[in-house]
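Residue-level structure breakdown
Each chain is listed here by its residues.
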Amino acid sequence: MLDAVPPERGSLVLLPEMFSTGFSMNVDTVADDQTRADQAFIPEIAKDYCVTVVGGLVTRDANGKGLNQAMVCDARGIEIARYTKLQCFSPGKEAIHYRSGERLVAFDWNGIKVCPFICYDLRFPEIFRIGMRQGAELFVVIANWPSLREEHWVTLLKARAIENQAYVAAVNRAGNDSWLSYPGRSMIIDPKGHVLIDAGAAERIISADIDPEFVRKWRNEFAVLSDVRPEFLGHDR
């Protein structure tokens, strides 16, 4: 797909949660700790296309429990961040098979602070708010979000952009497996909640320009974030 639509040098390229396998509770099957093929592929395409890449994969902790992660590699093919999903999907008993992350992660991309999240994280506005307070101007969400909750996906993505006055770039799985269908609907949303581009249901590449000055100008013009009361946020992680 990248060969067919080569990204501009310096772009930020997003791959879905567990991009090479699709979401699975079977950690033994999807964990990338034998061949490490996923952990080799992400830096390879980053270097080949001179882009920063965020891709979802599974590794295991010292006790053999899965870690649902986003790996970030810069245009040199060097890993610059590794985020572990903070919120395991309790309705699906993800926490039985995977260990939750313990902290937010951020990285710099072309002078913009980027904070990645994974799928179910999207339902927890407090962690996005903490990311904003730590300087994030772009949130990345990689997911395997099912069609039966498609409207939640779209609405929550817009809400996270509006309430934090930040860009949101989200990539979701498209197609079907034996249990669920996935709507796609990868999209990029600006800090006012406007959808810049929506992939629809198809498997395709979408892109949009990200302007950090637009974030900063909007936050200054409509300074609602200065009214955030930190005493109600709990402890920043």
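Please refer to the structure higher up on the page.
As the structure is a computational prediction, the values presented were derived from the model and not from experiment.

Rules used throughout
- Residues numbered from 1 in each chain as written.
- Predicted model: local features only at pLDDT ≥ 70, side-chain atom pairs only at ≥ 80, totals over all residues.
- Heavy atoms only, no water.
- Salt bridge = Lys/Arg side-chain N within 4 Å of Asp/Glu carboxyl O.
- Buried < 20%, exposed > 50% of the residue type's maximum accessible area, 1.4 Å probe, protein only.
- Helix = DSSP H or I, 4+ residues; strand = E, 2+ residues; numbered from the N terminus.
- Pairing = 2+ DSSP bridges.
- Right-handed = clockwise from strand over helix to strand, strands pointing away.
- Axes fitted to C-alpha atoms, helices over the stretch in contact; angles between N-to-C directions.
- Contact = heavy atoms within 4.5 Å.
- Phe/Tyr/Trp six-rings, centres within 6.5 Å; stacked < 30°, edge-to-face > 60°.
- Lys NZ or Arg CZ within 6 Å of the ring centre and 35° of its normal.
- Polar contact = N/O pair within 3.5 Å; in protein donor to acceptor, adjacent residues only side chain to side chain.

**A closer look at the pattern of salt bridges**
Pairing is possible between side chains that carry opposite charge, provided their charged atoms lie close to one another. Tallied over the full model, the rule gives 16 salt bridges. Between Glu79 and Arg82 there is a salt bridge, and its shortest N-O distance comes to 2.8 Å. Glu79 sits in the partly exposed class, given a relative accessible area of 37%. The residue Glu163 makes a salt bridge to Arg160 at a minimum N-O spacing of 2.4 Å.

**Let's talk about the pairing of strand S8 (residues 167-172)**
Looking down a regular strand, the side chains alternate between one sheet face and the other. Across the 6 residues that make up S8, a large majority, 6, are buried. As judged from the 6 bridges shared by strand S7 (residues 138-143) and S8, these two strands associate in the parallel manner. Looking at S8, one finds that Ile142 is bridged to Val171. Each parallel crossover has a hand, and the one from S7 via helix H5 (residues 150-164) to S8 is right-handed. As paired strands, S8 and strand S11 (residues 187-189) are joined by 3 bridges and run antiparallel to one another. Pairing of Val168 across the sheet is with Ile189, part of S11.

**Quick word on the sheet that holds S8**
Spatial ordering of the open sheet is given by S5-S6-S7-S8-S11-S12, a layout of 6 strands whose pairing is mixed. Of all strands in the sheet, those with a lone pairing partner are strand S5 (107-109) and strand S12 (195-198), marking the two edges. Adjacent strand axes in the sheet meet at a mean angle of 20°, parallel and antiparallel pairs treated alike. The sheet contacts of helix H4 (residues 125-133) involve strand S6 (112-118) and S7, and relative to S7 the element is tilted by about 145°.

**Focus on unusual backbone geometry**
For Lys93, which is not glycine, the phi dihedral falls at a positive 60°. For Lys93, the position within the fold is in the loop between strand S4 (79-84) and helix H3 (94-97). At Gln165, a residue that is not glycine, the phi angle is positive and equals roughly 50°.

**Notes on the sheet that holds strand S2 (residues 52-60)**
Here 4 strands make up an open sheet; going across it, the order is S1-S2-S3-S4 and the pairing mixed. Only two strands of the sheet have a single neighbouring strand rather than two, namely strand S1 (12-14) and S4. For this sheet, the mean inter-axis angle between neighbouring strands, taken without regard to orientation, is 30°. Bridge analysis of S1 against S2 gives 3 bridges, and the strand direction is parallel. Bridging across to S2, Val13 finds its partner in Val53. Packing against the sheet, helix H2 (residues 37-49) makes contact with S2, strand S3 (66-73) and S4, and its axis sits at approximately 175° to S2.

**Some words on the packing of aromatic side chains**
Taken as a whole and assessed by the stated rule, the structure comprises 11 aromatic pairs. Members of the aromatic cluster, joined through ring pairs, are Tyr83, Phe117, Phe128 and Phe139. A cation sits over an aromatic face here: Arg160 above Phe128, 6.0 Å from the ring centre. Above the ring of Trp218, the side-chain terminus of Lys192 is found at 4.4 Å from the ring centroid.

**Overview of the side chain of Glu17**
The topology assignment puts Glu17 in the loop between S1 and helix H1 (27-30). Separated by 2.7 Å, the side chains of Glu17 and Asn68 make a polar contact. Beyond its immediate sequence surroundings of up to four residues, Glu17 is in contact with Phe23, Gly56, Asn68, Lys85, Ile118, Cys119, Ile142, Ala143 and Asn144.

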